[in-house]
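So you can see what is in the structure, the chains are spelled out below.
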Amino acid sequence: MPTWNSRGLRGSTLEEFINLTNEKYLENGLALIQKIPTPITPIRIDKENRHITLAYFDQKSTVDYIGAVQGIPVCFDAKECRTDTFPLHNVHEHQIRFMENFEKQGGVAFLILFYSHRDCFYYLTFRRLKEFWERQTSGGRKSFRLEELDGDYFFTGHGGLLVPYLELLQKDLHDRD
């Protein structure tokens, strides 16, 4: 059973950057995106400081974020990568199924990857993620390399936004047509 304190603060900076970006998008009337909390059951609580120090996850979560952008339903997960190779075990089968079903309902699903050692972001379309996933399930590589990614989907912060992913969402939608 996975515990809440076993993974440290991995990804918390990325999520904070995305949360701040989402606040800006909301302020500008561009999008309403909500962080989905992972349900936990506390095991140990520091009563003096009123902090949970140990907990376990109640159930499998779906994705990190869900909402709407100009009437388009979107969901995405945020992952950090410290090397040029992204291990697919960081994405779970139930997340793939959720994103696939989300897209079948007319939504757009994707991953935001932060390559921390390069200080850049990547918008991974669900189409491409599914290709990597199917390759893995067919006995192929259990990861994908930076070189396998479409260079047009890399991005960095600009214009006061830390993780400006809406431009890439627009590109994703355009590339579908």
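Computed from a predicted structure; not experimentally measured.

**Student:** What am I meant to see in the packing of aromatic side chains here?
**Tutor:** Aromatic ring pairs are defined here through the distance separating the ring centres and the angle between the ring planes. This model, assessed by the stated rule, comprises 15 aromatic pairs. Over the ring of Tyr65 we find Lys35, and its NZ or CZ is 5.6 Å from the ring centre.

**Student:** Looking at this model, I keep getting lost on unusual backbone geometry. Mind explaining?
**Tutor:** Note: most peptide bonds trans; most residues except glycine with negative phi. Phi at Gln70 is positive, roughly 50°, even though this residue is not glycine. Examined against the element boundaries, Gln70 turns out to sit in the loop between strand E4 (65-69) and strand E5 (72-81). Here Gln70 falls in the exposed class, since its relative accessible area comes to 57%. We note that Asp119 has phi near 55°; this positive angle belongs to a residue other than glycine. With respect to the secondary-structure elements, Asp119 resides in the loop between strand E7 (108-115) and strand E8 (120-125).

**Student:** Looking at this structure, how should I read the pairing of E8?
**Tutor:** Walk down a regular strand and you will see the side chains alternate between the two sheet faces. Counting buried residues in E8 gives six out of six residues, a clear majority hidden from the surface. Pairing of E7 with E8 involves six bridges; the strand directions are antiparallel. Note on E8: the bridge partner recorded for Leu111 is Leu124. Here E7 folds back onto E8 in antiparallel fashion, the turn holding four residues, of which Asp119 has a positive phi close to 55°. The pairing of E8 with strand E10 (residues 154-155) spans two bridges and is classified as antiparallel. Its bridge partner being in E10, Tyr122 is matched across the sheet by Phe154.

**Student:** Hey, could you run me through the sheet that holds E5 in this one?
**Tutor:** Pairing between the strands of a sheet is mediated by backbone hydrogen bonds and can be parallel or antiparallel. Spatial strand order, E1-E4-E5-E7-E8-E10: six strands in an open sheet with mixed pairing. Looking at the sheet topology across the chains shown, the edges are occupied by strand E1 (31-35) and E10. The pairing of E4 with E5 spans five bridges and is antiparallel. Along E5, the bridge assignment pairs Ala68 with Pro73. Its contacts with the sheet place helix H1 (residues 12-27) against E1, E4, E5, E7 and E8, and it is angled at close to 150° to E1. Set on the sheet, helix H3 (residues 126-137) makes contact with E7 and E8; between it and E8 the angle comes to about 80°.

**Student:** Could you clarify how one ought to interpret the environment of Val163 in this entry?
**Tutor:** Structurally, Val163 is set in the loop between E10 and helix H4 (166-176). Along the sequence, Val163 and Ile112 sit 51 residues apart, while their C-alpha atoms lie 8.9 Å from each other. Not counting residues within four places of it along the chain, the set of residues in contact with Val163 comprises Phe17, Ile18, Thr21, Tyr25, Ile112, Phe121 and Phe155.

**Student:** Before we go on, may I ask you to explain helix H2 (residues 93-104) in this structure?
**Tutor:** Since the α-helix turns once every 3.6 residues, residues separated by three or four places project in the same direction. Compared with an ideal rise of 1.5 Å per residue, which puts 12 residues at 16 Å, H2 spans 17 Å between its outermost C-alpha atoms and is within 8% of the ideal. Among the residues of H2, those classed as buried are His94, Gln95, Ile96, Met99, Phe102 and Glu103. Against the buried residues of H2 lie E4, E5, E7, H3 and H4. Residue Gly106 follows H2 closely and has a positive phi angle near 95°.

**Student:** What am I meant to see in the environment of Ile96 here?
**Tutor:** Inspection of the secondary structure assignment puts Ile96 in helix H2. Each C-alpha atom, one on Ile96 and one on Trp133, is 8.4 Å from the other, the two residues being 37 residues apart in sequence. Excluding its chain neighbours within four sequence positions, the residues that come into contact with Ile96 are Val91, Phe126, Leu129 and Trp133.

**Student:** Is there a simple way to think about the environment of Asn19 in this case?
**Tutor:** Relative to the assigned elements, Asn19 resides in helix H1. Its relative accessible area of 23% is what places Asn19 among the partly exposed residues. With sequence-adjacent residues up to four places away left out, Asn19 is seen in contact with Lys35 and Tyr65.

Thresholds, definitions, all that
- Residues numbered from 1 in each chain as written.
- Predicted model: local features only at pLDDT ≥ 70, side-chain atom pairs only at ≥ 80, totals over all residues.
- Heavy atoms only, no water.
- Phe/Tyr/Trp six-rings, centres within 6.5 Å; stacked < 30°, edge-to-face > 60°.
- Lys NZ or Arg CZ within 6 Å of the ring centre and 35° of its normal.
- Helix = DSSP H or I, 4+ residues; strand = E, 2+ residues; numbered from the N terminus.
- Buried < 20%, exposed > 50% of the residue type's maximum accessible area, 1.4 Å probe, protein only.
- Pairing = 2+ DSSP bridges.
- Contact = heavy atoms within 4.5 Å.
- Axes fitted to C-alpha atoms, helices over the stretch in contact; angles between N-to-C directions.
- Expected span 1.5 Å × (residues − 1).

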